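Residues per chain, in single letters:
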Amino acid sequence: MKHFLTGTAAAALMAIASVASAAELKMSHVRPQDATIDVELRAFAGKVAEATGGDVTINIFPASALGDYTTVQERVSVGAIDMATQPAATAADRRMQISSFPYLANSWADARAIYGPDGPVRDVIAGLYAEQDITMLAAYPVYFGGISLNTDPVNPGDPSQSNGIKVRVPGIKSFQLTGEALGYIPSPIPFSEAFTAIQTGVVDGVIGSGAEGYYASFRDVTKAYIPANTHFEVWYMIISNGSLAELDAEDQEALKAAAADFEAQRWTVAEADQGKWEQRLADELGTNVVQLTDDQLAAMAAKVRETVWPIVLEDVGAEWGQGILDQIGK
């Protein structure tokens, strides 16, 4: 009997140790279930589970089910939510506007040099997250942004005059100023309220997303799409420092390696993915995808850089921001 009890106790201790080493992490993202990012994150979660021998389980919560991305970032910072893959929220630190700086990248190759591994913006954003007790695991390139309208475009390639169209923009100064510079009337509205605002005519369009985002979340109110390359949209996979610290060293390394693979794979498909979603807007929804010339795109970029950049630089700290632009060669 003594040996039986000893064996039972040992088995119990092993079971307790196994439970203690297992971790269930909650991951938030902003797109609906079955959207591209949702599918890719579920595949990522599967690879993490496999790499950790089942020690780490990542549960995916799509469609901002855990809160608006600004709120989620705050909750990741304090450990109330474990992980997220989403845009950088500027409410906690205005310097995070550098991530969505308008017309910063001119091409996909340019974007990778700026936002990819060892890119200056990527490194700076990782540092800003660190100040909020958050570890950035990966960057996730999404697309070059454009303009969705539920009305007919008015001089879409001419930023020299107002077109009188009111559009929803994120509550980020760079987007508001970019909207104005391109001739629109910007109205800051939370993402969660944007669809209803268009549907009810409060605004007639959106600036702040791209073809995939408009297809996923605004397909019923997108009559025209203008691929204006307003900004390069990149999201970040982040984890609370507290949640990361609860994993043992081996599982931490497995998680980081899976995140690096996740990012590397995304860079190989993101450009083609953007074209695919623009085509789907046109083919499936009958959206008028406006074709802009290189000269029109150059004029839009020139006006934004001339009128918007100085103001946003002051907002983030002129010397700090210019230092990053200098690294990029802007």
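Residues numbered from 1 in each chain as written. Predicted model: local features only at pLDDT ≥ 70, side-chain atom pairs only at ≥ 80, totals over all residues. Heavy atoms only, no water.

A. Quick look at the overall build of the protein chain. In terms of regular secondary structure, the protein chain is built from 13 helices and 11 strands. Its C-alpha radius of gyration of 22 Å places the protein chain within 12% of the 20 Å reference for a compact globule of 330 residues. In terms of overall dimensions, the protein chain has C-alpha extents of about 90 × 45 × 30 Å along its principal axes. Within the protein chain, buried positions represent 51% of all 330 residues. At a minimum sequence separation of 6, the contacts of the protein chain that also span at least 24 residues come to 75%. A gap of 3 Å separates the mean positions of the 22 positive and 42 negative side-chain charges of the protein chain. (Helix = DSSP H or I, 4+ residues; strand = E, 2+ residues; numbered from the N terminus. Rg over C-alpha atoms; globule rule 2.2 N^0.38 Å. Buried < 20%, exposed > 50% of the residue type's maximum accessible area, 1.4 Å probe, protein only. Contact = heavy atoms within 4.5 Å. Lys, Arg positive; Asp, Glu negative; His and termini not counted. Charge placed at Lys NZ, Arg CZ, Asp CG, Glu CD.)

B. Fine view of the packing of aromatic side chains. Tallying each qualifying case throughout the model produces 14 aromatic pairs. By way of ring pairs, the aromatic residues Trp108, Tyr115, Phe144, Phe232 and Trp267 are connected into one cluster. Just above the ring of Trp320 sits the side chain of Arg95; from NZ or CZ to the centre is 5.6 Å. (Phe/Tyr/Trp six-rings, centres within 6.5 Å; stacked < 30°, edge-to-face > 60°. Lys NZ or Arg CZ within 6 Å of the ring centre and 35° of its normal.)

C. Quick look at the nonpolar core. Counting residues in each nonpolar core, the largest one holds 89 residues, and the members touching the most others are Phe44, Ile58 and Tyr236. For this core, the leading source of residues is strand β4 (residues 134-144), giving nine residues. Residues contacting Tyr236, with those up to four places away along its chain left out, are Ala84, Thr85, Gln86, Ala88, Ser99, Tyr115, Val121, Ile125, Tyr129, Met136, Ala138 and Ala139. Counting residues in hydrophobic clusters, the runner-up holds 15 residues, among them Ile189, Ala194, Ile198 and Val289. (Core = buried A, V, L, I, M, F, W, Y, C linked by side-chain atoms within 4.5 Å.)

D. Local environment of the pairing of strand β2 (residues 56-61). The side-chain alternation of β2 yields one buried face, formed by Val56, Ile58 and Ile60, and one unburied face, formed by Thr57, Asn59 and Phe61. The pairing of strand β1 (residues 23-29) with β2 spans six bridges and is parallel. Each bridged residue has a counterpart across the sheet, and for Ala23 the counterpart in β2 is Val56. Crossover connection from β1 via helix α2 (residues 36-51) to parallel β2: handedness right-handed. (Pairing = 2+ DSSP bridges. Right-handed = clockwise from strand over helix to strand, strands pointing away.)

E. Representation of the pattern of salt bridges in the model. Using the criterion set out here, one finds 12 salt bridges in the structure. Residue Asp38 is joined to Arg42 by a salt bridge in which the shortest nitrogen-to-oxygen separation is 3.0 Å. Separated by four residues within a single helix, Asp38 and Arg42 lie in helix α2, roughly one turn from each other. The partner of Asp273 in a salt bridge is Arg266, and the shortest N-O contact between them spans 3.3 Å. (Salt bridge = Lys/Arg side-chain N within 4 Å of Asp/Glu carboxyl O.)

F. Quick look at the pairing of strand β7 (residues 185-188). Judged from the four bridges that link them, strand β6 (residues 166-169) and β7 form a sheet pairing that is parallel. Residue pairing for β7: Lys166 is matched across the bridge by Ile185. What joins β6 to β7 is helix α6 (residues 173-181), and the crossover it makes is right-handed.

G. Structural view of helix α10 (residues 249-285). In the structure, α10 departs most strongly from a straight axis at Val269, where the bend amounts to approximately 45°. Note on α10: the residue one or two positions beyond its end, Gly286, has a positive phi of about 70°. (Bend = angle between axes of the 7 residues up to and from the residue.)

H. Expanded view of the sheet that holds β2. Strand order in the open sheet formed by five strands is β2-β1-β3-β10-β4, and the pairing between neighbours is mixed. Unpaired on one side and paired on the other, β2 and β4 mark the two borders of the sheet. Averaged over neighbouring strand pairs, the angle between their axes works out to 20° when direction is ignored. On the sheet, helix α5 (residues 120-130) packs against β4 and β10 (232-240) and is oriented at approximately 140° with respect to β4. (Axes fitted to C-alpha atoms, helices over the stretch in contact; angles between N-to-C directions.)

I. Summary view of the side chain of Thr178. Here Thr178 lies in helix α6. Here Thr178 is in contact with Pro102, Val304 and Val308, once residues within four sequence places are set aside.

J. Layout of helix α13 (residues 318-328). Those residues of α13 that sit buried are Gly321, Ile324, Leu325 and Ile328. Looking down the long axis of α13, one finds its buried residues gathered within 100° of arc, a one-sided arrangement. The outward face of α13, more than 90 degrees from its buried face, is lined by the exposed residues Glu319 and Gln327. Looking at the buried positions of α13, the neighbouring elements they touch are α4 (108-115), α5 and α12 (309-316). One or two residues past the end of α13 sits Gly329, with phi positive at roughly 90°. (Arc of directions from axis to C-beta.)

K. Representation of the confidence of the model for the protein chain within the structure. Mean pLDDT over the protein chain stands at 93; residues scoring 70 or higher make up 94%. Throughout residues 1-5 the model reports pLDDT below 50, and contacts reaching past four residues in sequence, or to other chains, amount to zero contacts. (pLDDT = per-residue confidence, 0-100.)

L. Representation of the packing of helix α11 (residues 294-307) against α12. For the pair α11 and α12, interaxial distance at closest approach is 4 Å and the crossing angle is 45°. Classed by the angle they form, the pair α11 and α12 counts as oblique. In contact with Val304, Arg305, Glu306 and Thr307 of α11, α12 contributes Trp309, Pro310 and Ile311. For the contact of α11 with α12, the class distribution of residues is four nonpolar, one polar and two charged. (Parallel < 35°, antiparallel > 145°, perpendicular 65-115°, else oblique. Nonpolar A, V, L, I, M, F, W, Y, C, P; charged D, E, K, R; others polar.)

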